[in-house]
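# Residue-level structural notes
So the chains spell out like this:
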Amino acid sequence: MMTWDSWKKSFDVWENETAKFLETWVKSPLVLGPSGMMLTQAMKAKAQYDKALAQFWGSVGLPTKRDQERTLHLLNKLESRLLDLEEQLEEQQKA
Amino acid sequence: MMLRVPQCNMPEQAFSRIKNLLGLAARKRPEVGVTPADVVHRENKWSLLHYRRATPARYKTPILFVPSLINRHYVMDLVPGKSMAEWLLAQGHDVYCIDWGTPGDEDRYLSFDSICDKYLGRALRIAAKSSPRGQAHVLGYCLGGTLAVIHAAAHQEKIASMALLAAPVSFKDEGPLAAWTQSPDFDPEAITRAWGNAPWPLLQSAFHMLRPTLNLAKAMHLVDRAWNDEFLDGFLAVETWGNDNVSFPGAAFVRYIEDLYRKDALVNGDMTLSGKPAKLESIACPLLAVTFEHDNIVPWRSAALVVDRVASTDKTHVKLPGGHVGAVVSKSASKGLWPMLSKFFVDHEARGVKTRGARSANVARR
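The numbering scheme is per chain: residues are counted from 1 as the chain's sequence reads. Chain A is the first chain written and ligand 1 is the first ligand written, with later ones labelled in order. Only residues with pLDDT of at least 70 get local features here, since the model is predicted, and only at 80 or more are side-chain atom pairs given and counted; chain-wide, interface and lining totals rely on the full set of residues. Only heavy atoms go into the side-chain values, all of them from the structure, while hydrogens and water stay out.

Our focus in this paragraph is the interface of chain B and chain A. Bring the parts together and some accessible area is lost; that lost area is often taken as the interface size. We call two residues in contact whenever any of their non-hydrogen atoms come within 4.5 Å of each other. Each partner contributes residues to the interface: chain B has 48 residues there, and chain A has 40 residues. By buried area we mean how much accessible surface two parts lose on assembly, using a 1.4 Å probe and totalling the loss over both. Taken over both partners, the interface formed by chain B and chain A buries close to 4100 Å², and the fraction arising from carbon and sulfur atoms is 61%. Salt bridges are defined as contacts in which a side-chain nitrogen from Lys or Arg sits within 4 Å of a carboxyl oxygen from Asp or Glu. Where chain B meets chain A, there are 9 salt bridges. Ionic pairing is found between Lys129 of chain B and Glu90 of chain A, a salt bridge with its closest N-O pair at 3.1 Å. Here a polar contact is recorded for every N or O atom pair within 3.5 Å, except that within protein the pair must consist of a potential hydrogen donor and a potential acceptor, and residues adjacent in sequence are included only if both atoms are side-chain atoms. Where chain B meets chain A, there are 18 residue pairs in polar contact (both at pLDDT 80 or more). Strands are runs of DSSP state E lasting at least 2 residues, helices are runs of H or I lasting at least 4, and numbering of each runs from the N terminus. Mapped onto the side of chain B that touches chain A, the elements with two or more residues apiece are β1 (37–43), α3 (112–129), α5 (176–182), α6 (188–195), α7 (200–210) and α8 (214–225) of chain B.

Right, here's the structure in full:
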């Protein structure tokens, strides 16, 4: 019969050793190469799909998601510039 | 083989353990980040929080907390009793915190410079405004610490002193994150072209892969201490925070990987911020770098290197036992880490940059 404490100790030893072993594996070029390539290919496939969808929307004269993102980003940049100007004005008023 | 029920000192503990484990799914999650705070600035998705004080602050130089971009800010204010913000307020500090918010799809274009220079700079200026010295102390955690270092390397006029908690500076380490990001088969731009921002589930699974057995170990620890309600609430609070991740703005992510991980630009002296050189050697403010011995996310050497490189004459490296998160939010942090941070900020309250050389210490757990 095994007590909880000894079970826990053995688990800790196992966990530590397994973690070390797995770390060597996940850092190994044998794993990194194929998994990196698979990830990149999956990402490229998604980007291609999105591009095809955007082309369709564009062809019927509608703004694409990317168009909207670009516009919103420009608005955010504009907000930041206005805040910069406000800060500068405040500084000048103080001086 | 038979397994005896986990040892308990008292039958009540055994009963509590079973009751708590059975009711775990239905257990009320502790409320996180509840210390009252006012939003003093909002811009794009980020906001600046100013924690409310019942009495005027004893120390006039405020502390600005800079959290990581991919985790929520409330790690600093986890739950009452385990909140660094609450504790620092009680010591008489005035505390501000950046909440980076959740990036929207349009933030795929948000640059590293916008975050690290424009947003962080503005937060610092707002916090520093309330100080008679026109400066604030900076407390950066993890990637937030890296952002603080890069910002300080380009502009440090508003920084009274800087404390860094597990903030990676050197990215050429032996850890798995460095190996993955430096692998030629890993293409960060492919990720952002596909998703816009680097999606948080992808980042979270990468962190899980750092120690794939961690969830099992956590489960074991949970069973072991499930009788303790205080432990259970703390455990659930940390898990709530750990699973509440945010995506990394796309353009900023690509630059982060390319410049910091692949080129190690900060250490090599090639880092720039909005076109301005950001060299570690330019940092002259008092510096405290805290690293954690069992940190498997940020290896301690990667975070300690900053002390060797900055020009500050008042600089200290402290290596504490513990891991990346536990050492910052655990009960022992309120007896070791937090008082140390408070003392560092108090010591540098009246500037008077001390001229002691670099020190390094291993502080044993108390």
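Read on for the rest.
Residue and element names in this part refer to chain B. If you look at the biggest cluster of nonpolar residues, it comprises 112 residues, and the most contacted ones within it are Leu139, Met162, Phe248, Val306 and Leu337. Among the elements that take part in this core, α3 stands out by supplying 10 residues, more than any other. Not counting chain neighbours up to four residues away, the residues in contact with Val306 comprise Val149, Leu164, Val169, Leu280, Leu287 and Ala289. Side-chain atoms within 4.5 Å are what join buried Ala, Val, Leu, Ile, Met, Phe, Trp, Tyr and Cys residues into a set we call a nonpolar core. Relative accessibility under 20% of the residue-type maximum defines a buried residue, over 50% an exposed one, and the middle range a partly exposed one, all with a 1.4 Å probe and only protein chains included. The next biggest cluster of nonpolar side chains, apart from the first, holds 6 residues, and it includes Leu222, Phe231, Leu232 and Phe235.

Before going further, it helps to examine a nonpolar patch on the surface. Patches in this entry comprise residues that are over 30% relatively accessible and not in a salt bridge; like charges within 9 Å are linked, as are nonpolar side chains (Val, Leu, Ile, Met, Phe, Trp, Tyr) within 5 Å. Residue burial considers only the protein chains on display, and all accessible areas are found by Shrake-Rupley using a 1.4 Å probe. On the surface, Tyr49, Leu53, Phe56, Trp57, Val60 and Leu62 of chain A cluster together into a nonpolar patch covering about 600 Å² of accessible area. Given a relative accessible area of 40%, Leu62 of chain A falls into the partly exposed group.

Further remarks concern the pairing of strand β2 (residues 46–51) of chain B. Residues and elements named next belong to chain B. Counting buried residues along β2, 6 of its 6 residues qualify, which places the element largely inside the surrounding structure. Because side chains alternate across β2, one face comprises the buried residues Trp46, Leu48 and His50, and the other comprises Ser47, Leu49 and Tyr51, equally buried. We treat two strands as partners when DSSP finds at least two bridges between them. In terms of strand pairing, β1 meets β2 through 6 bridges, oriented antiparallel. If you follow His41 over to β2, its bridge partner there is Leu48.

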